[in-house]
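# A structural walkthrough
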Amino acid sequence: MPDIFDVLSERRSIRSYTGEEVSEDHLNIILEAACSAPSAGNLQAYEIVVVRDPDRKKLLARASYNQNFMINASVHLVFLSVPQRSSTRYGRRGAELYSLQDATIAATFAMLAAHALGYGTCWIGAFDDSKVMEVVKAPPDRRPVAIIVIGKTREVERPTRRRKMESFVFSEVHGAPFVHKPTMPKLLREGC
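The rules behind each value
Residues numbered from 1 in each chain as written. Predicted model: local features only at pLDDT ≥ 70, side-chain atom pairs only at ≥ 80, totals over all residues. Heavy atoms only, no water. Helix = DSSP H or I, 4+ residues; strand = E, 2+ residues; numbered from the N terminus. Buried < 20%, exposed > 50% of the residue type's maximum accessible area, 1.4 Å probe, protein only. Polar contact = N/O pair within 3.5 Å; in protein donor to acceptor, adjacent residues only side chain to side chain. Contact = heavy atoms within 4.5 Å. Domains from an automatic or database assignment. UniProt positions renumbered as here; feature names shortened; annotations may be inferred. Salt bridge = Lys/Arg side-chain N within 4 Å of Asp/Glu carboxyl O.

## Focus: the side chain of histidine 76
Considering the arrangement of structural elements, one finds histidine 76 in strand S2 (residues 75–81). Under the relative-accessibility criterion, histidine 76 is labelled buried at 0%. A distance of 2.8 Å separates a polar atom in the side chain of histidine 76 from the backbone oxygen of methionine 70. With near-sequence residues (within four places) excluded, histidine 76 lies in contact with Val49, Val50, Val51, Lys57, Leu60, Met70, Ile71, Ile147, Ile148 and Val149.

## Quick word on the domain arrangement of the protein
Taken domain by domain, the protein holds domain 1 (13–158) and domain 2 (160–191). The C-alpha centroid of domain 2 is placed 29 Å from the C-alpha centroid of domain 1.

## A few points about the UniProt feature "domain: Nitroreductase" (unreviewed entry) in the protein
The UniProt entry lists residues 64–152 under the feature "domain: Nitroreductase" (unreviewed entry), expressed in the numbering used here. Between the C-alpha atoms that bound residues 64–152 the distance is 21 Å, and the span itself is 47% helix and 24% strand.

## Re the environment of glycine 120
Within the secondary structure, glycine 120 is located in strand S3 (residues 120–124). It is 9.3 Å that separates the C-alpha atoms of glycine 120 and glutamate 155, two residues lying 35 residues apart in sequence. Excluding anything up to four places from it in sequence, glycine 120 contacts Ile14, Tyr17, Val149, Ile150, Gly151 and Thr153.

## Focus on the pattern of salt bridges
Within this structure, the stated rule accounts for 5 salt bridges. Here lysine 186 ties to aspartate 6 by a salt bridge, and the two come within 2.6 Å at their closest N and O atoms. You can see lysine 186 sitting in the segment after strand S4 (143–151) and its partner aspartate 6 sitting in helix H1 (residues 4–10), a full 180 residues away along the chain. Lysine 186 gets classed as partly exposed once you look at its relative accessible area, which sits at 38%. For glutamate 96, the salt bridge is made with arginine 92, and the minimal N-O distance between the two is 2.9 Å. You can see glutamate 96 and its partner arginine 92 sitting in helix H4 (residues 83–116), 4 residues apart, about one turn around the helix. With a relative accessible area of 47%, glutamate 96 lands in the partly exposed category. Through salt bridges with shared partners, a single network forms among Glu47, Asp141 and Arg142.

Structural data, given as structure tokens:
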């Protein structure tokens, strides 16, 4: 099993899958990783819909503005925020922000766990909310936040460039330079 820094340095957004199934054990580990993610007040204000049905995957790809590469991924995990669950403790901020954060952190944990298990993933954020809700038959008080597609990788994507750290990392106050000293080269992509 790779260590966390290997997972972080090697993970890529994959858009080419073999169609090979994700094993039931691995799927359960991925879901356990998602559920281990931190959340505001430990409320876990999100839900996950596991989609493996080929017809439903096609509908999700269509709802995601025809990102047809999604169809060949073995599993789609649809992460929904549950604003009401968070608002009971945190009011409007919980509904509008914390529930979204909870869902995105859980989705990230799932994505990293899948990579550690040898699968490719892609974060899908471009979609028509109402169409995704219809495909997964979610209640109207939920909100789709992300779809993580998971499958065996056909082609490994090249690393993408990153912004230079001095353009977005500051010291103490916004705009004050932070002096970055490269420490772990495998985490640095071109541009860093």
